[in-house]
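Topology and contacts: notes
Here is how the chains run, residue by residue.
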Amino acid sequence: MLAEARKLDAELRSEDAKPIRKNAHALETELLNEILPEAFAVVKNTCRRLCGREWMVCGRPYKWEMVPFDVQLIGGMALHSGKIAEMATGEGKTLVATLPLYLNALTGKNVHLVTVNDYLAARDSEWMGEVFKFLGLTVGCIQHDQPPPLRRAQYTCDITYGTNAEFGFDYLRDNGMATSAETQVQRGYFYAIVDEVDSILIDEARTPLIISGPSTVASSQTYEKYKPQVAELFRSQTMLCNRHVNDAKQLLDGRTEGGKDNDDREDQAGRLLYQVKLGMPKNKQLLKMIEDPSVRRILDNGELALMADSSKKDLIALKEELLFTIDERQHETDLTEKGRKFLNPTDPDAFVIPDLVSALHDVDVLTIPDEEKEKRRQDTQRRYEERSEKIHNIAQLLRAYCLFEKDVEYVVQEGKIMIVDEFTGRLMPGRRWSDGLHGAVEAKEGVTIERETQTLATITIQNYFRMYDKLAGMTGTAETEATEFENIYKLGVMVIPTNRPCVRKDDHDRVYKTRREKYNAIIKEIAERHAKGQPLLVGTVSVDASEVLSRMLKRQNVPHSVLNAKYHQQEAEIIARAGQYGGVTIATNMAGRGTDIKLGSTVPGVGGLHVIGSERHEARRIDRQLRGRCARQGDPGSSRFYVSLEDDLMRLFGSGRIASIMEKLGMEEGEELQAGMLNRAIETAQRRVEEHNFSIRKRTLEYDDVMNKHREVVYSFRNEILRGDDPRHSIFEIIEEVADARTTEHCPADKPQDEWDLNALVRWANFAFPVGLRVDQLAHKTADEVRQLIIEKVRRAYEAKAANEDPNALKAIERLIVLNALDRLWQEHLYNMDQLRNGIGLRAYGQRDPLLEYKTEAFEMFDELMDSVKSEIAANVFRSASSLAAFENFLRALPMQLSGPELNAGSAYQGGSKPAAPKGSDVVDQAIEAASAPIKRDVPKVGRNEPCPCGSGKKFKQCCGKNA
Ligand code: ADP
Ligand code: MG
């Protein structure tokens, strides 16, 4: 047996151990499947034994009374097999997860349970912890404020609870920032169960996880400078739009019964209104006018007519009457010719991005001295950069003015702009809109513009979770997003039946013309039901709406609680009581998620909990989530949604159908519409938004997939260095690669030996390494021998250096050399990729596919990144020492071989042959200074991030390489 084990071990170590490892994985899976019934039974039995016991959960005594139902076991199986278990709210998913967590933790690998907030991670790990402890396993819980050693302890446990952000940030810190293996905290990505999986893998996945630091790249923000102009532009356009709305109104008011020119008037009004929609989609008067469904239809018709191919010219003319146009859906703004003149009457072209390629070409064909040409080229380049920056800043300011409304998209608190999450209404402290938009909003509100930050490490939620060997999820609402789960995460959805039949009564939506009427109706229903003692939960999509309803209830003297998803634990406690007799709770849809609402003893008699949705959400899923908060575990309960034509969903995505139905029925003020057929129309609108949002997420992901590959390569290399015991080995591999590339470059195989540029090769070798190489040593050698000789000399020189060092200190230095080069250049790469990503959209105008272009360029940039990293590592190997003494000793011991003009010219290492310097440190300074001088190459193959060979001092890509 021993012999066999040894043989297997040898095989496992060999290069092609993959099939064996795969086999081991299959064996493990098979084994787990085999013991599943037993393991689940053991957990169930443990639960039974724990019944009646008490322990603390989040500071409150808790008495265990749960034994898994059969449907819960089925849910556990779905989770074990890597699926999403759709189980309604209150079905006990927290308990369900313990079954597969226990089973999979038996492998000895760390299994993760992912929650939506820290409070739930703490609650669930304490709540379920006793089950695991009873079974001899350990449970950890990650919290935001834990220091690294404590985090590490949590991951050392068999099972770890935590939020997606904490898991993801730990991954980034471990792989992108840790400087030693000891400071890494995680141990692998084996199995994760994601609770409230739709919320995490879909809603949260819209923004990537980013660790950022202050920007090192200077940003010339000129928001302050342009703000007054843009504010003026915005005011003028507002006035123009108000005039148009008034004109449209007069045109429509001028219609007479059976008037001949009625059609004409409507056409004209439709055009005017559409123009306002283009120029100021959130114009208050416009919004008010189109409350009237017949006016809305006129607008829609106007838009349709202008969209026709035949009216392209009209549409352009219409746009040109405005100062700028806004696309509310795409969140984009565009200056018109008139707007450009407005901003700069003497030189409207100041706001047109010049065609750099042809401008440079124009310079090239001039017959002027080369120096003069170079100067002009640089001028052109600089003008181009300034102008692009200016245009970008103005576009951002316009977006800030037109599309971002205070107290809706953001609030101003303590002199800071705080983003409001559009889905949850939650404030998002510390987050900033990207690409300078945040600065633009800061300028608009007149608060201090904070320094831009730069990404140090980033990953999308999608790509983080795709790393797990096995992923599973649970939620009450997954079905509507099944395609996305399948496409992006390869997660199938399994709908698990409820333990008891659900008896919830879902009423038809009530639809009103205006928000005001809608709110009045909601308050009326609340007051009526409250009078009977029935508890109510009112869901809103924003903090704003919560506050309006709360004010209205106060006026009616209805006592109530308001929750905005700010304080998870306190809110959990409040919402847990929402099912008590006479309770009224207003909450944004995320508040208290994951908390169970139990009914008071007399509540079933008054119909159970009634849920009111004050607005349809963009995603059907979120509405279902809200409905699901009542009628859990067979309780009585009911729900109803309220909609108005002023709601964003209806305004942006609702078809004209709803409006025309209402018009046909000739609704009066305050009158409501409640018909089954409207449900379909609303659902269509929601589907449309869902698809739209999915395509945005998918697009983001397609772009991130490119970066993801880069990250994988860089992080795995980094880990090799961090965890491996022999960094020198990796360094020498790199040196060999670099030497190889240079030899091939200077001694090309397709040229005879006497055309090789041995001088250049020798110059490079002596510059990068203290090897004292001479041309005559290379003469009459094959390229392979040349390469070998260089590598051999470097190796010997390094041994000489190592002899002067403490081996452990040297190992640390070797790691640092790699990490420094890698981290610095990687972060720069992240920045460059960001720039590329932001600029790439413009390519779409050239009929080219931006994604394809992005991929091609990103590939080149990555190639260059790896080249630069390797060159930098090779160049730094001899330039660091653990102490000054070691470095001086090494320099003194260098061979006395450096002679000949081409050698002295560039070498960084002139220790031995020179008269001893008065002070050792000068030698070091000189050496380092020489080492950091820009390298000039004979063959102009220059990395984008390297100094430009023209000597401008700029990076190549910002100078002569800009068009390469
Ligand atoms: P979900 O996450 O599915 O909405 P929770 O895990 O919060 O549900 O559990 C909801 C409630 O159901 C909790 O109060 C829990 O104590 C109770 N519960 C869950 N499973 C059982 C069971 N097998 N027997 C009795 N009560 C249970
Ligand atoms: Mg839950």
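Attention here is on the structure that accompanies the text. Note that the structure is a prediction, hence the values are computed from the model and not measured. (Residues numbered from 1 in each chain as written. Chains lettered and ligands numbered in written order. Predicted model: local features only at pLDDT ≥ 70, side-chain atom pairs only at ≥ 80, totals over all residues. Heavy atoms only, no water.)

**A few points about a negative patch on the surface**
As a reminder of what qualifies: A patch is a set of surface residues, each over 30% in relative accessible area and not in a salt bridge, joined within 9 Å for like charges and within 5 Å for the nonpolar side chains Val, Leu, Ile, Met, Phe, Trp and Tyr. Where accessible areas are quoted, they stem from the Shrake-Rupley method and a 1.4 Å probe; at the residue level, only the protein chains shown are allowed to cover. Any carboxyl oxygen of Asp or Glu that lies within 4 Å of a side-chain nitrogen of Lys or Arg is treated as forming a salt bridge with it. Charge counting follows a simple rule: Lys and Arg are positive, Asp and Glu are negative, and His as well as the terminal groups are ignored. By convention, the charge on Lys lies at NZ, on Arg at CZ, on Asp at CG and on Glu at CD. In this description a helix means any DSSP run of H or I spanning at least four residues, a strand means any run of E spanning at least two, and both kinds are numbered starting from the N terminus.
Among the surface-exposed residues, Glu 405, Asp 407, Asp 544 and Glu 547 lie close enough to one another that they form a single negatively charged patch. With respect to the helices, strands and loops of the structure, Asp 407 is situated in the loop between helix H16 (370-403) and strand S11 (410-413).

**Some words on helix H28 (residues 758-768)**
Quick note on the threshold: Burial classification: accessible surface area is computed with a 1.4 Å probe over protein chains only, and a residue below 20% of its type maximum counts as buried, one above 50% as exposed, and the rest as partly exposed.
Of all the eleven residues making up H28, nine are buried; the element is thus mostly covered by neighbouring parts of the structure. Among the residues of H28, Leu 758, Ala 760, Leu 761, Val 762, Trp 764, Ala 765, Asn 766, Phe 767 and Ala 768 are the ones counted as buried.

**Observations concerning the site of ligand 1**
Rules: By convention in these notes, a residue is near a molecule or strand provided one of its non-hydrogen atoms lies within 4 Å of it. Under the rule applied, a polar contact is a pair of N or O atoms within 3.5 Å (in protein, one hydrogen donor and one hydrogen acceptor; residues adjacent in sequence only if both atoms are side-chain atoms).
Taken together, 18 residues form the shell around ligand 1, and within it Val 67, Gln 72, Gly 90, Lys 93 and Thr 94 come nearest. Measuring from a nitrogen atom of ligand 1, one finds a backbone N or O atom of Val 67 at 2.8 Å. A distance of 2.9 Å is found between an oxygen atom of ligand 1 and a side-chain nitrogen or oxygen belonging to Lys 598. Protein chains shield 86% of the accessible area of ligand 1, which is 570 Å² for the free molecule.

**A short note on the environment of Phe 769**
One can find Phe 769 in the loop between H28 and helix H29 (775-778). The spacing of Phe 769 and Ala 874 is 105 residues in sequence and 8.3 Å in space, taken between C-alpha atoms.

**Quick look at the sheet that holds strand S5 (residues 139-141)**
Where we set the bar: Think of it this way: DSSP has to see at least two bridges between two strands before they count as a pair. Helix axes use the C-alpha atoms of the stretch in contact, all axes being lines fitted to C-alpha atoms, and the angles between their N-to-C directions lie in the range 0 to 180 degrees.
Read across the open sheet, the seven strands follow the order S5-S6-S4-S7-S15-S3-S16; overall the sheet is parallel. Here the strands that pair on one side only, and so sit at the sheet edges, are S5 and strand S16 (493-495). The sheet shows a mean angle of 20° between the axes of neighbouring strands, direction not considered. Of the pairings in the sheet, the one linking strand S4 (residues 111-115) to strand S7 (residues 191-195) comprises four bridges and is parallel in character. Within the sheet, the bridge partner assigned to Val 111 lies in S7 and is Tyr 191.

**Things to note about the sheet that holds strand S13 (residues 427-428)**
The condition is simple: Here a residue-residue contact requires only that any non-hydrogen atoms of the pair lie within 4.5 Å.
The strand order across the open sheet built from three strands is S11-S12-S13, with neighbouring strands paired in antiparallel fashion. The sheet terminates laterally at S11 and S13, the two strands that pair on one side only. One ladder, built from two bridges, connects strand S12 (residues 416-420) with S13; its direction is antiparallel. Each bridged residue has a counterpart across the sheet, and for Val 420 the counterpart in S13 is Leu 427. Of the strands in this sheet, S11 and S12 touch helix H17 (residues 437-445), which is tilted by about 120° from S12.

**Overview of the nonpolar core**
Spelled out, the test is: We call a set of buried residues a nonpolar core when its members are Ala, Val, Leu, Ile, Met, Phe, Trp, Tyr or Cys and they connect through side-chain atoms within 4.5 Å of each other.
Counting residues in hydrophobic clusters, the biggest one holds 137 residues, and the most contacted among them are Leu 201 and Phe 465. The greatest single-element share of this core, amounting to eleven residues, is contributed by helix H31 (residues 807-840).

**Examining the packing of aromatic side chains**
Quick note on the threshold: Stacked, edge-to-face and tilted are the three classes for Phe, Tyr and Trp ring pairs, Trp counted by its six-membered ring, which pair at centre distances within 6.5 Å; planes under 30 degrees apart are stacked, over 60 edge-to-face, the rest tilted.
If you walk through the whole model with that rule in mind, you get 21 aromatic pairs. For the ring pair Phe 465 and Tyr 468, a centre distance of 5.9 Å and an interplane angle of 20° mean the geometry is stacked. As far as the burial class goes, Phe 465 and Tyr 468 line up, both buried.

**A look at the state of the cysteines**
Keep this limit in mind: Two cysteine sulfur atoms form a disulfide, by the criterion used here, when they sit within 2.5 Å.
For the coordinates displayed, the defined rule picks out zero disulfides. Distance from the sulfur of Cys 141, which forms no disulfide, to the nearest cysteine sulfur (Cys 58) is 8.7 Å. Cys 241 forms no disulfide, and the closest cysteine sulfur to it belongs to Cys 402, at a distance of 9.2 Å. Judged by relative accessible area, Cys 241 falls into the buried class, the value being 0%.

**Side note on the pairing of S7**
Across the five residues that make up S7, a large majority, five, are buried. Covered by surrounding structure in S7 are Tyr 191, Ile 193 and Asp 195 together with Ala 192 and Val 194, the residues of both alternating faces. Of the pairings in the sheet, the one linking S7 to strand S15 (residues 470-475) comprises five bridges and is parallel in character. Paired with Ala 192 across the bridge in S15 is Leu 471.

**Considering the pattern of salt bridges**
Applying the stated rule across the entire model yields 57 salt bridges. Measuring nitrogen to oxygen at the nearest pair gives 2.8 Å for the salt bridge that ties Arg 123 to Asp 124. Note on accessibility: Arg 123 and Asp 124 belong to one class, buried. Residue Glu 166 is joined to Arg 151 by a salt bridge in which the shortest nitrogen-to-oxygen separation is 2.8 Å. With Glu 166 in helix H7 (residues 164-177) and Arg 151 in helix H6 (residues 148-156), the pair connects residues that are 15 residues apart, well separated along the chain. Judged by its relative accessible area of 6%, Glu 166 is buried. Shared partners join several salt bridges into a network, and the residues in it are Glu 196, Asp 198, Asp 203, Glu 481, Arg 593 and Arg 621.

**Here's the deal with the environment of Ala 765**
Here Ala 765 shows up in helix H28. Apart from residues no more than four positions distant in its own chain, Ala 765 is found in contact with Val 771 and Leu 773.

**Comments concerning unusual backbone geometry**
Of all residues except glycine, most have a negative phi; of all peptide bonds, most are trans. Positive phi is not limited to glycine here, since Asn 557 has a value of about 60°. Turning to its location among the elements, Asn 557 is positioned in the loop between helix H21 (543-555) and strand S20 (561-563). Even without glycine at this site, Ala 631 takes up a positive phi of about 60°. Here Ala 631 lies in the loop between helix H23 (620-627) and strand S23 (637-644). In this structure Ala 631 comes out as buried when scored by relative accessible area, which is 8%.

Nothing here speaks to function; it is all geometry.
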